[in-house]
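Remarks on the overall topology
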Amino acid sequence: MDRQSDDAVLKAKLCDAVRLAENGSSPRFVGFLDERQALSAQRIMSYMNYKNYMLYGGHDGAERVVFGAFPDFVEPAGEKFPITAVTASFRSCDNLSHRDFLGALLANGINRETIGDILVDEGICVLYSRSEITNFILSQTTKIGRVGVKLTTGVPQSLPQGAHFEDFSAVVASARLDCIVAAAVGTSREKSSEMIRAGLVMLNHEVNTSVAAAVTQGSKVSVRGKGRFVLDRLGPVTKKGRLSIAGRKYI
């Protein structure tokens, strides 16, 4: 299924959730959604002028979130969402990653839409799932790869960091997308322009094929096959009129 079809399916699900919530007595939920889908959901709700909804992923700052449409007389709140946190414990010497956990869950037949953020650190992982599949995860997951894990519901006192980053900085001609991509992935503006025009670059979760698109502080850039980046700082301008930037690459 292509992205246009995916977007149409998502819109239909969101509209159904809103209709059922407005006509019934209980909230309706869609997802987990990724960041691009969450942005689309916000736009669709704005177009529909529907305000009694909430996006929530089980913890503050979640990247993957569930969309909740609530009846007019129900206040949206995180505790009403069908999301359960599962904590996996394993030996600190076993180097497990987000990819390891996601791969094992998908191999067990679990749908990606039912899994939220997966936060991994030394000896611990906290993952968020739709509550209806939590018991299945607990009963079917005893190993991640060849590593034994112990699963319990709930979260530790502090969440694992989850995403890890590698800092980068550069001096560029301007905040155009081709300049930022070239600096982030360590290539020429010519090469970065080719990737942008080929549709390989996403700016704030949307494919952008304009090499001259403006990038702002806090923007997220994804380059297919090269990684994901966050632009933390634009400026100051150097004495030679070039722009210093700093950001982070997801690793």
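Below or above, wherever it landed, is the structure these notes cover. (Residues numbered from 1 in each chain as written. Predicted model: local features only at pLDDT ≥ 70, side-chain atom pairs only at ≥ 80, totals over all residues. Heavy atoms only, no water.)

Observations regarding the pairing of strand β3 (residues 65-69)
The buried count for β3 comes to five of five residues, which makes it a mostly enclosed element. In β3, alternate side chains face the same way, and those of Val-65, Phe-67 and Ala-69 on one face and Val-66 and Gly-68 on the other are all buried. Bridging between strand β1 (residues 28-33) and β3 involves four bridges; their strand directions are antiparallel. Across the sheet, Arg-28 pairs through a bridge with Ala-69, a residue of β3. Where strand β2 (residues 53-56) meets β3, four bridges bridge the pair, whose relative direction is antiparallel. Counted as the bridge partner of Tyr-56 is Val-66 from β3. (Buried < 20%, exposed > 50% of the residue type's maximum accessible area, 1.4 Å probe, protein only. Helix = DSSP H or I, 4+ residues; strand = E, 2+ residues; numbered from the N terminus. Pairing = 2+ DSSP bridges.)

Topic: the pairing of strand β14 (residues 227-237)
As paired elements, strand β13 (residues 220-223) and β14 share four bridges and run antiparallel to each other. Across the sheet, Val-221 pairs through a bridge with Phe-229, a residue of β14. Hairpin connection, β13 to β14: the antiparallel pair is bridged by three residues, and Gly-225 has positive phi, about 85°. Two strands pair when backbone bridges link them, and β14 and strand β15 (residues 243-250) are joined in this way by six bridges, in the antiparallel orientation. Bridge assignment links Val-237 to a residue of β15, and that residue is Leu-243.

Considerations on empty space enclosed by the protein
By the definition in use, this model includes one cavity of 30 Å³ or more. Estimated volume of the largest cavity: approximately 30 Å³. If you go around the largest cavity, the residues you meet are Phe-168, Ile-180, Ala-184, Ser-219, Val-221, Phe-229, Val-230 and Leu-231. Considering every element that reaches the lining of the largest cavity, the biggest residue donor is β14, with three residues. Each residue belonging to the lining of the largest cavity can be placed in one class, and the counts come to seven nonpolar, one polar and no charged. (1 Å grid on protein atoms, 1.4 Å probe; cavity = no way out; pocket = protein on both sides within 12 Å on 5 of 7 lines; lining within 4 Å. Points joined across faces, edges and corners; volume = space filled by probe spheres on them. Nonpolar A, V, L, I, M, F, W, Y, C, P; charged D, E, K, R; others polar.)

Here's the deal with the side chain of Ser-192
In this structure, Ser-192 sits in helix α6 (residues 189-197). With a relative accessible area of 0%, Ser-192 lands in the buried category. From its side chain, Ser-192 meets the backbone oxygen of Asp-178 in a polar contact 2.8 Å long. Setting aside its immediate chain neighbours within four residues, Ser-192 contacts Asp-178, Val-181, Ala-182 and Thr-187. (Polar contact = N/O pair within 3.5 Å; in protein donor to acceptor, adjacent residues only side chain to side chain. Contact = heavy atoms within 4.5 Å.)

Remarks on the sheet that holds strand β11 (residues 201-203)
Pairing is antiparallel across the open sheet formed by six strands, whose spatial order is β10-β15-β14-β13-β11-β12. The sheet terminates laterally at β10 (165-172) and β12 (206-207), the two strands that pair on one side only. By the bridge criterion, eight bridges tie β10 to β15 in an arrangement that is antiparallel. Its bridge partner being in β15, Ala-170 is matched across the sheet by Ile-245.

Honestly, it's all geometry; don't read function into it.
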